[in-house]
Every structure is written in structure tokens, then in C-alpha cells.
Amino acid sequence: MYTPRKFEKREKPYKFLTLSFDDGVKQDKRFIEMLDQRGIKCTFNINSGLLGNVHNAPYPGGEVPHDEVEASELHDIYLNHEVAVHTLTHPLLDKLSEAEVICEVGDDQKALCELSGQNVFGMAYPFGRCYTEETIRIILENTPVRYSRNIASHHGFEMPDKFMEWCPTCHWREESALQLARDFIALEPTKDSLFYIWGHSYEFDMYDGWNEIAELLDLIAGHEDITYVTNGEIYKYITEE
Ligand SMILES: [Zn+2]
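The residue numbers shown here count from 1 along each chain, following its written sequence. It should be noted that, the model being predicted, local features are given only for residues of pLDDT at least 70 and side-chain atom pairs only at 80 or more, the latter also being counted only at that level, while totals for whole chains, interfaces and linings use all residues.

A. A look at unusual backbone geometry. Here His 155, not a glycine, exhibits a phi torsion of approximately 55°, which is positive. Under the DSSP-based scheme used, a helix requires at least four consecutive residues in state H or I and a strand at least two consecutive residues in state E, with every element numbered from the N terminus. Take His 155: it is sitting in the loop between helix 4 (133-142) and strand 6 (170-171). One non-glycine residue, Asp 208, lies in the positive phi region at around 50°. Mapped onto the fold, Asp 208 is located in the loop between helix 6 (202-206) and helix 7 (210-220). Residue classification places Asp 208 among the exposed residues on the basis of 10 C-beta atoms within 10 Å. With C-beta atoms placed from the backbone, a residue is buried if 20 or more other C-beta atoms are within 10 Å of its own, exposed if 12 or fewer are, and partly exposed between those counts.

B. Spatial organisation of the nonpolar core. Note on terminology: a nonpolar core is a set of buried residues of type Ala, Val, Leu, Ile, Met, Phe, Trp, Tyr or Cys, with members joined through C-beta atoms within 7 Å. Counting 56 residues, the largest nonpolar core has Phe 195 and Ile 197 as its most contacted members. Working definition of a contact: two residues with C-beta atoms, positioned from the backbone, lying within 7 Å. Residues in contact with Phe 195, not counting those within four places in the same chain, are Leu 17, Phe 157, Thr 169, Leu 180 and Phe 184.

C. A look at the packing of helix 5 (residues 177-186) against helix 7. Here an angle of 0 to 180 degrees is reported between the N-to-C directions of two axes, which are lines fitted to C-alpha atoms, with helices fitted over the stretch in contact. Interaxial distance between helix 5 and helix 7 falls to 10 Å at its minimum, and their mutual angle equals 5°. One finds that helix 5 runs roughly parallel with respect to helix 7. Here helix 5 contributes Ala 177, Leu 178 and Ala 181 to the contact with helix 7, which in turn contributes Leu 216, Leu 219 and Ile 220. Grouping the constituent residues of the contact of helix 5 with helix 7 by class yields 6 nonpolar, no polar and no charged. Working rule for angles: under 35 degrees goes down as roughly parallel, over 145 as roughly antiparallel, 65 to 115 as roughly perpendicular, anything else as oblique. Under the convention adopted here, Pro, Cys and the residues Ala, Val, Leu, Ile, Met, Phe, Trp and Tyr are nonpolar, Asp, Glu, Lys and Arg are charged, and Gly plus all remaining residues are polar.

D. Looking closely at the pairing of strand 2 (residues 42-46). Strand 2 sits mainly inside the fold: 5 of its 5 residues count as buried. With burial as the criterion, each face of strand 2 is covered, one bearing Cys 42, Phe 44 and Ile 46 and the other bearing Thr 43 and Asn 45. Sheet topology places strand 1 (residues 15-22) next to strand 2; 4 bridges connect them, and they run parallel. The residue of strand 2 that forms the bridge with Phe 21 is Phe 44. Note on handedness: a clockwise path from strand one over the helix to strand two, with the strands aimed away from the viewer, defines a right-handed crossover. What joins strand 1 to strand 2 is helix 1 (residues 27-38), and the crossover it makes is right-handed. In terms of strand pairing, strand 2 meets strand 5 (residues 82-85) through 4 bridges, oriented parallel. For Asn 45, the partnering residue across the bridge sits in strand 5 and is Ala 84. The pairing criterion for strands is at least two bridges between them, as found by DSSP.

Here it is in C-alpha cells:
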């Protein structure tokens with residue numbers, strides 16, 4: 001089962017790669033097979049209050065399945081990857097009362113610990129941008145969550161400096177993703193660096209993107225000087241002595 005590995009600080013800077021995928025949908029199973037074949041690690045942000053739901057996600061070209069995985073299969077599906085909070089029911093957190101935020105985040109964390117067997121302490125914000133300074137305070141003071149990802153791509157390879165507003169490098173489908181991967185592979189870093197890709201696996205159905213994501217993963221996998229990690233492993237690497 002997944003437990004965060006410990007990476008020692010060292011003289012030679014690290015080149016870390018991490019992924020973060022949201023919503024805990026059934027397409028994660030096929031995606032995880034692709035990740036496991038290539039030795040790539042991902043953090044999956046899951047709404048435990050929606051597990052087992054069957055519905056579609058609409059987009060301008062039609063709709064695709066957005067079925068959440070079953071509670072009973074969660075443990076086995078995410079066995080090699082980090083499970084993290086995405087709130088119980090995917091609300092707009094900045095529109096909720098303090099008690100509701102505590103319930104949405106804290107109860108999701110508790111349920112995910114139980115279902116996955118993991119010590120869950122990470123998160124991604126539902127809708128990416130819908131949080132405030134107050135939301136962050138409530139989460140830190142009342143739940144075990146210690147980092148949370150937003151969706152403000154910075155297109156760089158910097159290590160995170162604000163864990164509760166952790167910005168990714170890019171979304172997998174951004175035009176620049178492949179070029180960023182090539183730049184990262186060529187990078188000879190003078191300090192620790194991080195390439196951070198986020199998305200949703202149902203988007204591979206939505207945009208006919210399974211080949212596209214395979215191409216990106218093939219490019220970035222298997223490099224001796226790249227360390228393939230979860231979000232939580234980065235958090236622990238930076239915060240723990
Ligand atoms: Zn989401």
C-alpha cells in the first residue's frame with residue numbers, strides 16, 4: 001500500500017515530477033494502469049460523499065461518463081498512489097459557513113482515511129479557485145489537511161512556497177505541456193525543481209485524449225535524473241527534517 005517515501009536532502013538538486021487528478025472517476029483505473037507501467041506517481045483528489053454516483057459530464061461536443069468509483073473498490077484502485085481530499089460533495093467552499101467547510105473537508109478526510117487505509121493530509125480545491133484566506137484558516141485550524149492545490153498554472157518548475165495555495169505547472173491538455181516536458185527533461189537544475197501536472201481522467205474521454213496523455217507520459221517517464229513522487233512526498237520532503 002502507498003505510504004509516503006522519505007527523500008533525503010542532498011547536494012545534487014532533485015528534479016521531481018508529480019501529478020494531481022481530481023474527482024475519483026472510473027477512468028482513473030485505466031489511467032493508473034498507464035502510470036504504473038511507467039513508474040509515475042499521482043495524487044488523486046476524491047469526493048467521498050459522491051462515491052458510486054453514475055452521471056455524465058457535459059461539454060460542447062456532447063457528454064462523457066463522470067461516474068465516481070465505488071467505495072468498496074477505492075482501496076484497491078489507489079493502492080500505489082496518494083489519496084487526498086476534494087471535499088465530500090464538491091461545493092463552492094467560499095460560499096459555505098465555517099461549520100460547513102469543516103464538515104466538507106474534515107469528514108471527507110476521515111472517510112478517505114478509512115476507505116484507503118492511508119494517512120490522508122492533502123487536498124485539491126473543488127472548482128480550483130473558489131476559496132479565500134478564511135477558507136484556508138478554517139481548514140488548517142480544524143482538519144489534518146496540510147496542503148491544497150489550486151488551478152493557477154505557473155508554467156515553471158519552482159518548488160511550492162505556499163502549501164495551501166499550491167499552483168501546478170500546467171494542466172495536461174495545455175498546449176505548452178509537451179514543450180514544458182521537453183524543457184524539464186533538458187533542465188540541469190541548480191536547485192530542487194518540480195514539474196507538476198494536473199487534470200481529470202474523464203477528460204481523456206472528453207477530448208479523445210488517451211493517446212495524447214500516453215505521449216506525454218512516455219516522454220517524461222523513465223529518466224534516471226527525474227524522481228517520480230506524489231504531492232504528499234513533496235510536502236514531507238520540504239517540511240520534515
Ligand atoms: Zn473536481
